[in-house]
Amino acid sequence: MTTPYELAKEAAAALAEKTGVEKHDVALVLGSGWLPAADALGADYTEIDTTDLPGFSAAAVAGHSGKIRSIRSASGRNLLVFLSRTHFYEGKGVAAVVHPIRTAAAAGCSTMVLTNGCGGLNPSWSPGTPVLIKDHINLTASSPLVGANFVDLTDLYSARLRDLAKQVDSSLDEGVYVQFTGPHYETPAEVKMAGILGGDLVGMSTTLEAIAAREAGMEILGISLVTNLAAGISDQPLNHAEVLEAGRNAATRMGGLLSNLVPKI
Ligand code: 8IG
């Protein structure tokens, strides 16, 4: 039977063949609201469909493209940019969720930049505010690791990379990201619980990917784009259109943040 690690190796080999790039350096996963920022990373690129590589399935969410972009950055790095992700709530299993991460590791990437759109608990974070993830709480009751594999998650989100991000934008706040399974948004009571547990951000991705990236030995940066105040923090109902709009409105800032950050990594 093919292990997830072998499948990722096969995907990395297919990636190298289809892009003509033997080794990638920095991987980025662009979450909800981040897609409009992709172009700022560089115009010199090859784009492939995720489904061209072994182990990937098609994108399932509006505003998520099922594409992978291999960008030659101005600073001479080979960037591997996932323009969508597989979410836990799709029910394809945790191995499918972290397959891009393992593929990036097998492709040579030593840095993983995980971005997402999320709800914010801090009322001062208006929609469109980026927040650095300093730690997480994984409420999926799941792990990408199977067996007696006791990976240390102390300093999961690199302090060095967070400092670099703050050099680019000194106004960046930090927060603890809480992953719920979704796809429904939280109840106000669940958001309150997340806050009592020490959370600042609520979302449906990232933590399982970060664990897989750490297992693979990558240095990890997590950036959340607060696209909405979490349920009950404001009296407004939540909807996906608002998420996409916040992304469009924040695109220039997010593009600038990522493109100024990459050369420093
Ligand atoms: I964008 O408020 C986005 N994703 N769980 N809660 C959760 N996920 C989200 C939210 C939110 N906003």
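An unreviewed UniProt entry lists the chain under the name Purine nucleoside phosphorylase, with Nocardioides albus as the source organism. In its Sequence similarities (unreviewed entry) section, the UniProt entry covering the chain states "Belongs to the PNP/MTAP phosphorylase family." Quoted verbatim from the Function (unreviewed entry) field of UniProt, the annotation for the chain is "The purine nucleoside phosphorylases catalyze the phosphorolytic breakdown of the N-glycosidic bond in the beta-(deoxy)ribonucleoside molecules, with the formation of the corresponding free purine bases and pentose-1-phosphate. Cleaves guanosine, inosine, 2'-deoxyguanosine and 2'-deoxyinosine."

1. Looking at the packing of helix α3 (residues 159–168) against helix α6 (residues 240–261)
Between α3 and α6, the shortest axis-to-axis distance is 9 Å and the interhelical angle comes to 120°. For the element pair α3 / α6, the angle class is oblique. With respect to the hand of their crossing, α3 and α6 are arranged in right-handed fashion. Contact with α3, carried on its side by L164, A165 and V168, involves G256, L257, N260 and L261 of α6 and no other residues of that element. Looking at the contact of α3 with α6, its residues break down into five nonpolar, two polar and no charged.

2. Description of the nonpolar core
Formed by 36 residues in total, the largest nonpolar core has its most connected members in L53, I68, L80, I101, M112 and L201. Where this core is concerned, the elements lending two or more residues are α1 (4–19), β1 (26–29), β4 (78–82), α2 (94–106), β5 (111–120), β6 (129–138), α5 (207–215) and β9 (219–229). With residues near it in sequence (within four places) discarded, L80 still touches L15, H24, V26, A27, L28, I68, R69, A104, A107 and C109. Counting 27 residues, the second-largest nonpolar core is a separate cluster that includes L79, L172, L258 and V262.

3. Some words on the environment of F150
Along the chain, F150 falls in the loop between β6 and α3. For the pair F150 and A107, spaced 43 residues apart in the sequence, the C-alpha separation amounts to 24 Å.

4. Thoughts on the packing of α1 against α2
α2 packs onto α1 with a crossing angle of 55° between their chain directions and a minimal axis gap of 8 Å. Taken together, the axes of α1 and α2 are oblique relative to one another. Viewed along their axes, α1 and α2 form a crossing whose handedness is right-handed. Residue-level contacts link P4, Y5, L7, A8, K9, A11 and A12 of α1 to A95, H99, R102, T103 and A106 of α2. Here the contact of α1 with α2 is built from residues that sort into eight nonpolar, two polar and two charged.

5. Let's talk about the site of the ligand
Neighbouring residues of the ligand: G117, C118, G119, Y185, E186, V202, G203, M204, T227, N228, L238 and V243. Between G117 and the ligand, the recorded distance is 3.5 Å, taken from a backbone N or O atom to a nitrogen atom. The contact in question runs from a nitrogen atom of the ligand to an N or O atom on the side chain of E186, over 2.4 Å. Its free accessible area being 320 Å², the ligand has 96% of it covered by the protein chains. Comparing atom positions with the cavity grids shows the ligand to sit within the largest pocket. When residues of the shell around the ligand are traced back to their parent elements, those giving at least two are β5, β8 (201–203) and β9. Taken together, the residues of the shell around the ligand sort by class into six nonpolar, five polar and one charged.

6. Describing the environment of D39
Structurally, D39 can be placed in the loop between β1 and β2 (45–49). Note: C-alpha distance between D39 and S158 (119 residues apart in sequence) is 25 Å. A polar atom in the side chain of D39 sits 2.8 Å from the side chain of R69.

What counts as what
- Residues numbered from 1 in each chain as written.
- Predicted model: local features only at pLDDT ≥ 70, side-chain atom pairs only at ≥ 80, totals over all residues.
- Heavy atoms only, no water.
- UniProt positions renumbered as here; feature names shortened; annotations may be inferred.
- Axes fitted to C-alpha atoms, helices over the stretch in contact; angles between N-to-C directions.
- Helix = DSSP H or I, 4+ residues; strand = E, 2+ residues; numbered from the N terminus.
- Parallel < 35°, antiparallel > 145°, perpendicular 65-115°, else oblique.
- Left-handed = near helix turned anticlockwise from the far one by under 90°.
- Contact = heavy atoms within 4.5 Å.
- Nonpolar A, V, L, I, M, F, W, Y, C, P; charged D, E, K, R; others polar.
- Core = buried A, V, L, I, M, F, W, Y, C linked by side-chain atoms within 4.5 Å.
- Buried < 20%, exposed > 50% of the residue type's maximum accessible area, 1.4 Å probe, protein only.
- Near = heavy atom within 4 Å.
- Polar contact = N/O pair within 3.5 Å; in protein donor to acceptor, adjacent residues only side chain to side chain.
- Areas by Shrake-Rupley, 256 points an atom, 1.4 Å probe, with all protein chains shown as cover.
- 1 Å grid on protein atoms, 1.4 Å probe; cavity = no way out; pocket = protein on both sides within 12 Å on 5 of 7 lines; lining within 4 Å.
- Sits in = over half its atoms within 2 Å of the grid points.

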